[in-house]
Amino acid sequence: MNAEFFSAISDIEKEKGIPQTYMLEKIEQALLAALKKDYPTCAECARVVLDPVEKTVDMFMQKTVVETVENPNTQYSVEQARKILLGALPGNLINEPVDTTRFGRIAAQAAKQVIIQGIREAERNIVYDEFTSKEHEILTGIVSRIDPRSGSVSIQIGASSEHTEAMLSSSERIPNEILKDGDRIKVYVIEVRKSTRGPQILISRTHPGLVKRLFELEVPEIFDGIVEIRSIAREAGNRTKIAVVSNDPDVEPIGACVGPKGARVNTIVSELGGEKIDIVKYSDDPVEYIASALSPSEVVSVTMFEGGKSCRVIVPDNQLSLAIGKEGQNVRLAARLTGFKIDIKPESQA
């Protein structure tokens, strides 16, 4: 029976990845709790020893041999001790085996609950450790359920062979994106938290980090560090501006991101449900950087104001609406991308 017991623990380690040492510790705690429940007066001297090498489970009451017994629950007289161990002397510790068949139903149930809880806790820790290493990365998930009231989506995601459910809240969904059960989508892992119900994996489809990781997947030059993403400004579902710079004079950063016939950027646009992406060239010169950030509009001049990160941009009259963008989106994203407050004026007014 003991051999089967230790074999079962070994199987748990293989199937769930829970170390035998952890399980043995939890089982020892469970058996000890059950032993104390059935022998409350002897709780102080209750002992449990599990030996995976010899495949033995020993449960006993460990009492001290004394000349004069003051506490019979923890002490033996010399005469009592010598009935168990010949030659016992004062100060010796005597182990009195416990008949486990006398275990009460409540005590056994308590032991079972501790073991089950230990397995759950170990599984949660494994999932937490696995997904913590995936923070700020992209994972592919499968839509398993959509809540029609809140708009939240349950996503089955897996960092390896194990799959865990994560909730994509309505605020982290791309606006107007239509998802169906069984759809495979890429999500960005914002954070992994510990909670009483297990690891809570916070995922997003609107985070700028999703765009950054998608470019790293699609553009080898970014993955290798030849082209660097310096800044991203995003309004999910509508438009994103991304500033790139090349660390190699022979590599044109915008061309590398766009790819042959736009293949690379089109793959990302498709993943994001048709979201427009403007790729602009980063520059350490604020004037040049701001002019690039207002793409696709032409810029006549950029005047930097003293005492703060603000500027005035002059654009051709026929480019004013393009520079501002629909509902101010283009200039708003350019300001977020560069970190400057931008005031746009038409050339005629200037």
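Look a little higher up for the structure.
Residues numbered from 1 in each chain as written. Predicted model: local features only at pLDDT ≥ 70, side-chain atom pairs only at ≥ 80, totals over all residues. Heavy atoms only, no water.

Peer 1: Mind showing me how you'd approach the sheet that holds strand β12 (residues 276–281) here?
Peer 2: Strand pairs in the sheet, formed through backbone hydrogen bonds, run parallel or antiparallel to each other. Reading across the sheet, the three strands line up as β10-β11-β12 and stay open at both edges, with mixed pairing between neighbours. Of all the strands in the sheet, just β10 (227–235) and β12 have a single pairing partner and so form its edges. For this sheet, the mean angle separating the axes of adjacent strands, direction not counted, is 20°. Strand direction decides the pairing type here: β10 and strand β11 (residues 239–246), joined by eight bridges, are antiparallel. Its bridge partner being in β11, Glu228 is matched across the sheet by Val245. Against the sheet, helix α9 (residues 286–293) contacts β10, β11 and β12, and its axis sits at roughly 160° relative to β12. Packing against the sheet, helix α11 (residues 329–338) makes contact with β10, β11 and β12, and its axis sits at approximately 135° to β10. (Pairing = 2+ DSSP bridges. Helix = DSSP H or I, 4+ residues; strand = E, 2+ residues; numbered from the N terminus. Axes fitted to C-alpha atoms, helices over the stretch in contact; angles between N-to-C directions. Contact = heavy atoms within 4.5 Å.)

Peer 1: What is the right way to read the nonpolar core from this model?
Peer 2: Generally speaking, soluble globular proteins have nonpolar side chains that are buried together. Ranked by size, the top nonpolar core spans 21 residues in total, and within it Phe215, Ile242, Leu272, Ile277 and Ile279 carry the most contacts. Mapped onto this core, the elements with two or more residues apiece are α5 (208–218), β10, β11, α7 (253–258), α8 (263–271) and β12. No other element matches the four residues that α5 contributes to this core. Filtering out sequence-adjacent residues up to four positions away, Leu272 remains in contact with Ile174, Leu210, Val211, Leu214, Arg234 and Ile277. With 20 residues, the next largest nonpolar core counts Tyr22, Leu24, Cys42 and Ile119 among its residues. (Core = buried A, V, L, I, M, F, W, Y, C linked by side-chain atoms within 4.5 Å. Buried < 20%, exposed > 50% of the residue type's maximum accessible area, 1.4 Å probe, protein only.)

Peer 1: What am I meant to see in the environment of Ser310 here?
Peer 2: One can find Ser310 in strand β14 (residues 310–315). In this structure, the C-alpha to C-alpha distance between Ser310 and Gly339, residues 29 residues apart in sequence, is 8.7 Å. Aside from chain neighbours lying at most four places away, what touches Ser310 is Met304, Phe305, Phe340 and Lys341.

Peer 1: Quick question: what am I supposed to make of the sheet that holds β14 here?
Peer 2: Spatially, three strands are ordered β13-β14-β15 in an open sheet, and the strand pairing comes out mixed. Looking at which strands have only one partner, the edges of the open sheet turn out to be β13 (301–304) and β15 (341–346). Across the sheet, the mean angle separating the axes of adjacent strands is 20° when strand polarity is ignored. Bridge analysis of β13 against β14 gives four bridges, and the strand direction is antiparallel.

Peer 1: Explanation requested: α8 in the structure shown.
Peer 2: The α-helix winds at 3.6 residues per turn, so residues separated by three or four positions along the chain end up facing the same way. Buried within α8 are the following residues: Arg264, Val265, Ile268 and Glu271. Viewed along the axis of α8, the buried residues span an arc of 120°, placing them on a single side of the element. Next to the buried residues of α8 lie β8 (184–193), α5, α6 (220–223), α7 and β12. Phi for Gly273, located one or two positions after α8, is positive at around 70°. (Arc of directions from axis to C-beta.)

Peer 1: What's the story with the pattern of salt bridges in this structure? I'm lost.
Peer 2: Pairing between side chains of opposite charge can happen when their charged atoms approach one another. Following the criterion strictly, the structure yields 15 salt bridges and no others. A salt bridge links Asp278 to Arg239; its shortest N-O distance comes to 2.8 Å. Taken together, the positions of Asp278 in strand β12 and Arg239 in strand β11 put the pair 39 residues apart, joining distant regions of the chain. Using a relative accessible area of 14% as the deciding quantity, one classes Asp278 as buried. What makes Arg239 buried here is its relative accessible area of 13%. For the salt bridge of Lys241 with Asp278, the shortest nitrogen-to-oxygen distance reads 3.1 Å. (Salt bridge = Lys/Arg side-chain N within 4 Å of Asp/Glu carboxyl O.)

Peer 1: Hey, could you run me through the packing of aromatic side chains in this one?
Peer 2: Any two aromatic rings considered together are summarised by their centre-to-centre distance and by the angle between their planes. Here the structure, examined in full by the defined rule, presents one aromatic pair. Ring geometry for Tyr282 versus Tyr289: centroids 4.7 Å apart, planes at 70°, classification edge-to-face. Since its relative accessible area comes to 21%, Tyr282 is described here as partly exposed. Relative accessible area serves as the criterion here: at 6%, Tyr289 is assigned to the buried category. The lysine or arginine in question, Lys194, covers the ring of Tyr128, its NZ or CZ lying 4.8 Å from the ring centre. In this structure, Lys309 packs its charged tip against the face of Phe340, placed 4.6 Å from the ring centre. (Phe/Tyr/Trp six-rings, centres within 6.5 Å; stacked < 30°, edge-to-face > 60°. Lys NZ or Arg CZ within 6 Å of the ring centre and 35° of its normal.)

Peer 1: Is there a simple way to explain α9 in this structure?
Peer 2: Inspection of α9 places Tyr289, Ile290 and Ala293 among the buried residues, and these make up the whole buried set. In an axial view of α9, the angular spread of the buried residues amounts to 95°, which keeps them on one side of the axis. By the N-cap criterion, in which a side-chain oxygen at the helix start approaches the backbone nitrogen of a residue two or three places on, α9 is capped by Asp285, the distance to Val287 being 3.2 Å. (Polar contact = N/O pair within 3.5 Å; in protein donor to acceptor, adjacent residues only side chain to side chain.)

Peer 1: Looking at this structure, I do not really get the packing of α9 against α11. What am I missing?
Peer 2: Think of two packed helices as two axes; the pair is described by the angle between the axes and how far apart they sit. The contact between α9 and α11 brings their axes to 9 Å, and the two run at 145°. In the packing of α9 onto α11, the handedness of the crossing is right-handed. Every residue of α11 that contacts α9 at Tyr289, Ile290 and Ala293 is listed here: Ala334, Leu337 and Thr338. Residues belonging to the contact of α9 with α11 are distributed by class as follows: five nonpolar, one polar and no charged. (Left-handed = near helix turned anticlockwise from the far one by under 90°. Nonpolar A, V, L, I, M, F, W, Y, C, P; charged D, E, K, R; others polar.)

Peer 1: In this structure, what is going on with the side chain of Asp278? I would like to understand it.
Peer 2: Within polar-contact distance, the side chain of Asp278 engages the side chain of Lys241 at 3.1 Å. When neighbours within four sequence positions are excluded, Asp278 is seen to be in contact with Arg239, Thr240, Lys241, Ile242, Ser295, Pro296 and Asn330.

Peer 1: Any chance you could explain the packing of α5 against α8 here in plain terms?
Peer 2: Between α5 and α8, the least distance of the axes is 10 Å, while the angle of their chain directions is 140°. Classified by the angle their axes make, α5 and α8 are oblique. Regarding α5 and α8, the two cross each other, and that crossing is right-handed. Residues Leu214, Phe215 and Glu218 of α5 touch α8, and the partners they reach there are Arg264, Val265, Thr267, Ile268 and Glu271. (Parallel < 35°, antiparallel > 145°, perpendicular 65-115°, else oblique.)

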